[in-house]
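Structural overview for review
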Amino acid sequence: MRSSRAAVGLLLKAVSNKNNACYPFYRTHTRYLALLLLHSSSSSSISNGGFLVSKRGFCGYAAEQFSDDEYECDFEGQKASSSVANIDEWKWKMSLLLRSEKDQEIVSRDKRDRRDYEQISNLAKRMGLYCEIYGKVVVASKIPLPNYRPDLDDKRPQREVVIPLGLQRRVEGLLQEHLDRVRLNSGKFTDNRGDSEHLDQLENAIPDENADSLLDGSVMEKVLQRRSLRMRNMQRAWQESPEGKKMLDFRKSLPAFKENERLLQAIAQNQVIVISGETGCGKTTQLPQYILESEIESGRGAFCSIICTQPRRISAMAVAERVSAERGEPLGETVGYKVRLEGMKGKNTHLLFCTSGILLRRLLSDRNLNGITHVFVDEIHERGMNEDFLLIVLKDLLPRRRDLRLVLMSATLNAELFSNYFGGAPTIHIPGFTYPVKAHFLEDVLEMTGYKLTSFNQIDDYGQDKMWKTQKQLVPRKRKNQITALVEDALNKSSFESYSPRARDSLSCWTPDCIGFNLIEAVLCHICRKERPGAVLVFMTGWEDISCLRDQLKAHPLLGDPNRVLLITCHGSMATSEQKLIFGRPPPNVRKVVLATNMAEASITINDVVFVVDCGKAKETSYDALNNTPCLLPSWISQASARQRRGRAGRVQPGECFHLYPRCVYHAFAEYQLPELLRTPLNSLCLQIKSLQVPSIGEFLSAALQPPEPLAEISGISHLLGIYRRYRGRYGLTPQYRCVGRYFNPWYLVKEGCLLFISAVFVLFSLGIL
Ligand SMILES: Nc1ncnc2c1ncn2[C@@H]1O[C@H](COP(=O)(O)OP(=O)(O)OP(=O)(O)O)[C@@H](O)[C@H]1O
């Protein structure tokens, strides 16, 4: 073997000697000999410069030495002779190819012309081979050859091909499905029953939260892949069922559907995105669902986890219920909800609706939101304390979780403000309404109903128990807040010329400080008598107003008749089961009237509501400087809130909204409500910030969307310090140790002992034992 290799070496050297006199002939035949030796020594398929090298090693050397290019360079003027000279070599190579079991083709990159090719091609045909020329590369093959070989095309254009996201996801989905099938058929899961059953057991036994930590990576991956496959099959089965198709048709009619592709693409490409769209266009129920569906379709369903926050419990529950119905699943399966002390979610829940507070609490314990892929913050315009706090924490989290996607949504948000806060995040607007809503302002309402306002019939009756409250309305306010002054200004400037003298008289008597129970009663009567069927949603400020108005309406001959009107109340302090009554259908020919606070203002759909009555006020937390405490007082709502209220109609059918204040007053409203962070004491927030173990409360708050005044921070901190000192003064202990430490305090023990003794005596006495 060694000797034959040496011989090959020598022969090759000879070939490369250009000074040889009879070079062409000599070279061809010497090479022929070398190839024969080479073949016998390495028993590999033949390769020569430019020809296919199917086995490396010695052949590699041969390939380097046998360059026909070199030959061509030296004899450029003698190409015709080259074709004749090469044909024997080709004959020999082709016969070797035919004999070789492993090799399939010969590739020659020598610069050949057509005549060479024709000769080689004829030779190949005679020998039972196929031959093709690609540019100047000649290929002889045992199998038929295509017209074009990209692997042999040096000039192949390197263009970037942009595939639409939808198509890409579909292809990914199909590929994943194919891979899953192959995997299942290859026996990894099904044939190997032990393995499959083991995975089943694991999947069932381990709760989702602990799965990552309990299973090793590869097993977890398999479990999740199986779950993803199952999710996709279920989703497809639902979408192909008659009910699923019907639901899909409805969903396609929503304005959000037209933007589906654009939204998915934007969310995939940006870490933060701000979305606005009219009320009812499908932000809350559709956008998180689009993500879920597209992830499931591409076989990643079990790997995705979406959280969508809602400002209120009732909306989190109602939206979760609706989305699970749209997916044809029971609540708590893929779609669930979690609110304080209540929840419906399981280990297969991948879309969770929760209150902002719940997400904040999770962030306190899991600062990286491990396992969460998308966070939607809905109704961001409300700017409650929790929402603003959430934004600070999420903004801080984003650089640590590059894969996390954050979507901010609202019908009435200041998109630019939020976009700037997140470093110029893209904003998308979803145009179009689901159904139109006609807005009537006070002047139109007075004209329509013919109701006459006087200074007496506007006084709201709070009953015998709250006589002081009724009387308070008779005393004009000494101090006017900014919005009241603006409202009065707007009223003074308006002339209402196009309205009847009766309506103008009424408007001149209108008292902005009252809610207007009697006016609401008149509007409800008008709706019940003259308008088409449909439920009415009345926005009030708080429980006192709601209960007093309910009592008043119950005493009315029409509105109090249970055979004609079903009166339902809804307030934040009510039990969830009672709150949910607002979604129920009334008996036939009975009109449902819901009296609610602003808790029914955003995100919820009461699907039979056609009319909305808006009193224009809501209770909002503000600061009582005298007592240094937060307090809830009724005040004018913002334009954003008014639009949200109006948007509760027109979701399932066209609607009408009766705003019980003039249009000019609406224009005097603030565009957005002042953020809670700027209008309430920061005591509890400071405490919450401390629990995040941030070094400085001031620094943390300065990162807010609209940071509060430093004075408010100082006041909050000093308030907390005051409480701390009081505890320490009383028990001589720091508050952390107070719970345990008080049992070592003699004064505390004596006091508690006395109290216990007195209570025991009292109980025994009342039982007649003493
Ligand atoms: N419970 C329900 N019953 C019937 N239809 C519903 C229900 N919930 C939602 N819908 C339909 O889905 C549409 C979209 O609702 P969704 O709550 O997603 O809108 P939105 O854009 O988030 O509105 P908003 O800004 O008011 O929260 C509604 O207009 C309505 O047609």
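Our structure is the block above this text.
Everything in this summary refers to the structure shown in the same document. (Residues numbered from 1 in each chain as written. Predicted model: local features only at pLDDT ≥ 70, side-chain atom pairs only at ≥ 80, totals over all residues.)

Observations concerning the pairing of strand 19 (residues 655-659)
The buried fraction of strand 19 is high, at five of five residues. The two faces of strand 19 match: Gly655, Cys657 and His659 on one face and Glu656 and Phe658 on the other face are all buried. By the bridge criterion, four bridges tie strand 12 (residues 437-440) to strand 19 in an arrangement that is parallel. The residue of strand 19 that forms the bridge with Val437 is Gly655. Pairing of strand 16 (residues 609-614) with strand 19 involves four bridges; the strand directions are parallel. Along strand 19, the bridge assignment pairs Asp614 with His659. (Buried ≥ 20, exposed ≤ 12 C-beta atoms within 10 Å, placed from the backbone. Helix = DSSP H or I, 4+ residues; strand = E, 2+ residues; numbered from the N terminus. Pairing = 2+ DSSP bridges.)

Points about helix 6 (residues 114-126)
For helix 6, with 13 residues, the first-to-last C-alpha span of 18 Å sits near the 18 Å given by 1.5 Å per residue. Here helix 6 has its buried residues at Asp116, Ile120 and Ala124. Looking straight down helix 6, one finds its buried side chains confined to an arc of 65°; they lie on one side. Across from the buried face of helix 6, at angles greater than 90 degrees, the exposed residues are Arg114, Asn122, Lys125 and Arg126. (Expected span 1.5 Å × (residues − 1). Arc of directions from axis to C-beta.)

Focus: the nonpolar core
Leu537, Val538, Val594 and Val613 are the most contacted members of the largest nonpolar core, which totals 121 residues. Broken down by element, this core gets its largest block of residues, seven residues, from helix 15 (residues 313-326). Not counting the four nearest positions on each side in its chain, Val538 is found in contact with Ile520, Val593, Val594, Leu595 and Val613. One finds Trp90, Ile106, Ile120 and Val139 within the second-largest nonpolar core, a separate group that totals eleven residues. (Core = buried A, V, L, I, M, F, W, Y, C linked by C-beta atoms within 7 Å. Contact = placed C-beta atoms within 7 Å.)

Don't take any of this as a statement about function, it's just geometry.
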